[in-house]
Amino acid sequence: MELNQSALNTEKIETEKNAKDIWKECLSIIKENVPYITYNTWFLPIKPHELENNTLKIFVPNNFFIEWIEEHYNTLINKTVNQVLGPEGKLVYIVYEENDPFEELKQPTSEKKPESAAVVEEKKSEFESFLNPRYTFENFIKGEGNQLARAAALAVADNPGQTSFNPLFIYGGVGLGKTHLMHAIGNKILEKDSNKKVIYLSSDAFTVEFVEAIQSDRVNEFSAFYKSMDTLIIDDIQFLVGKEKTLDLFFQIFNTLHQSGKQIVLSSDKPPKELKGLNERLISRFSWGLTADIQPPDFETRVAILKNKSESFGLELSNDIYEYIAHNITSNIRELEGCLIKLLATSSLNSKEIDFNLVKKIVKEVSTNKQVSISIDYITKVVCDYFKVDENKVREKNRKKEIVLARQIAMYLSKVLTKSSLKTIGLHFGGRDHSTVIHAYNTMELLIEKDGNVKEIIESLKNKIEMSAA
Ligand SMILES: Nc1ncnc2c1ncn2[C@@H]1O[C@H](COP(=O)(O)OP(=O)(O)OP(=O)(O)O)[C@@H](O)[C@H]1O
């Protein structure tokens, strides 16, 4: 008797397992054939129950589901079941309410049945968040330019919907990390609670789906789907400007989510007030929470980002190279990353060492600031740093030996490395006249010829300065 019972149990587990696999196969076919929202709304909530001969029994949340699916997707469902189970294949719907497959999840942990882990696992993997796991807080480098946005993003990720940063509105220029931060928020929320409904999408994707929903008369479904989110993350909201219908619906979704304490995260290339064409009620709502900007990273942050990205690519470069790239690519982190990828690709494709010439060539190709010119101020800074003298002193009438030397070298290099006239150079050094500049130039030429040490110093300063120009 006992043996028979255990055989029965094993058989039951087998049919459940089969049912799961079969339904998974069906879902992958259905997913290919229906719009994303339809799939999420009507098919994902279905749970497989068991497989009996060629009959697959599935749980649906209520009768309305059965009616709706049969009315709209009867042919697809039948075709799919026949494809997976053969021509004899059949589908039987069972309504949840009578036989809740998540029953065990509602019980205290100690009473959970062993299958519950599998159910949780399944639930977790079902919902598509469109989050890129590559973008996390751990690999987002903190810098002065992103300090506030990063701190707010972390607070939101730790406590979605429960801080005053709702909505969190992040704005800033191209390639400065807005998208990265938004994904990091979503990833962290899910890391803490995988059952949360978090969705990331661009405003373009939102518009396209909305238009599709209008065309297929599914606007209510579309709206209900987004209103059911725990965290809604929409990137590049500026592209909604001028799309009145989409904005109206977005406004409703925003209100519902906000009123029910759900988190909203938005990004744009400008602050809400500058989104011309957006109506006042939306602008004011966007400003309800926190508006945080991201500024271009400073030199040190650029170097840190380069090092971090290199590490993730398994690439190790010298500090000089990192600094050279960071000097020349200043306003866009995507370009910094692009430069490393290109270096890696070129060196591995051509089996070439990553040397300074290759770096220079690639920086030139990648950088949008192709014409980085060397300024007299920059030359002065490099020379003064080298001699450890105050920059202001070389501009004053100071006749101390080391100041005079630094001034003359800076004037000489300004003449050699820039197209500035003698008069302009003189003006940069406390309004000295052109004959002083000529004198400095001639003196240095003589010294370079006579003294190997001076020649070496000048060469190294020249290299350093040239490194700042691609
Ligand atoms: N602080 C940072 N630390 C590490 N990587 C960063 C940082 N900021 C940006 N990045 C990287 O730079 C690239 C571009 O960033 P992202 O796509 O987030 O920019 P964006 O501001 O959304 O740009 P766009 O306005 O063009 O959409 C990404 O690969 C991202 O990982």
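Predicted model, so just to flag it, every value in this text is computed and none were measured.

1. Considerations on the sheet that holds strand E5 (residues 198–202)
Stage number 1. Pairing in this open sheet of five strands is parallel, and the strands run E5-E6-E7-E4-E8 from one edge to the other. Each edge of the sheet is formed by a strand with only one pairing partner; in this case those strands are E5 and strand E8 (290–294). Averaged over all neighbouring strand pairs, the angle between strand axes comes to 15 degrees, with direction disregarded.
Stage number 2. Pairing of strand E6 (residues 231–235) with strand E7 (residues 263–268), which is carried by four bridges, proceeds in the parallel orientation. Opposite leucine 232, over in E7, you have isoleucine 264 as the bridge partner.
Stage number 3. Its contacts with the sheet place helix H8 (residues 203–215) against E5 and E6, and it is angled at close to 95 degrees to E5.

2. Things to note about the site of the ligand
Stage number 1. Taken together, 18 residues form the shell around the ligand, and within it Gly177, Lys178, Thr179, His180 and Ile333 come nearest.
Stage number 2. Put simply, the parts of the chain that give the shell around the ligand at least two residues each are helix H7 (178–192) and helix H14 (333–349).
Stage number 3. Its residues placed into classes, the shell around the ligand shows seven nonpolar, seven polar and four charged.
Stage number 4. Here the shell around the ligand gathers at least three residues from each of two domains, domain 2 (144–294) and domain 3 (299–366).

3. Some thoughts on helix H18 (residues 401–417)
Stage number 1. In a regular helix each residue adds 1.5 Å, so 17 residues correspond to 24 Å; H18 covers 24 Å between its end C-alpha atoms and thus fits that length.
Stage number 2. Turning to H18, its buried residues number three or more, namely Leu405, Ala406, Arg407, Gln408, Ile409, Ala410, Met411, Tyr412, Leu413, Ser414 and Lys415.
Stage number 3. Where H18 is buried, its residues meet helix H16 (376–387), helix H17 (391–395), helix H19 (422–428), helix H20 (434–450) and helix H21 (452–467).

4. Topic: the UniProt feature "binding site: ATP" (unreviewed entry) in the protein chain
Stage number 1. Mapped onto the present numbering, the UniProt feature "binding site: ATP" (unreviewed entry) falls at Gly175, Gly177, Lys178 and Thr179.
Stage number 2. Note on placement: glycine 175 falls in the loop between strand E4 (168–172) and H7.
Stage number 3. The contacts of glycine 175, once residues within four sequence positions are left out, are Asn332, Ile333, Arg334 and Glu335.
Stage number 4. Tracing the backbone through its elements, the reader meets lysine 178 in helix H7.
Stage number 5. A tally of 26 C-beta atoms within 10 Å means that lysine 178 is categorised as buried.
Stage number 6. With residues up to four places along the chain from it excluded, the contact list for lysine 178 reads Ile170, Gly172, Ser267 and Ile294.

5. Focus on the pairing of strand E1 (residues 47–52)
Stage number 1. Sheet analysis places E1 next to strand E2 (residues 55–60), joined by five bridges and oriented antiparallel. Residue glutamate 50 lies in a different strand from E2, and its bridge partner there is lysine 57.

6. Brief notes about the environment of asparagine 328
Stage number 1. Note that asparagine 328 resides in helix H13 (residues 319–328).
Stage number 2. Expressed as a C-alpha distance, the spacing of asparagine 328 and lysine 364, which sit 36 residues apart in the sequence, is 8.6 Å.

Basis of the calculations
- Residues numbered from 1 in each chain as written.
- Predicted model: local features only at pLDDT ≥ 70, side-chain atom pairs only at ≥ 80, totals over all residues.
- Pairing = 2+ DSSP bridges.
- Helix = DSSP H or I, 4+ residues; strand = E, 2+ residues; numbered from the N terminus.
- Axes fitted to C-alpha atoms, helices over the stretch in contact; angles between N-to-C directions.
- Contact = placed C-beta atoms within 7 Å.
- Near = placed C-beta within 6 Å.
- Nonpolar A, V, L, I, M, F, W, Y, C, P; charged D, E, K, R; others polar.
- Domains from an automatic or database assignment.
- Expected span 1.5 Å × (residues − 1).
- Buried ≥ 20, exposed ≤ 12 C-beta atoms within 10 Å, placed from the backbone.
- UniProt positions renumbered as here; feature names shortened; annotations may be inferred.

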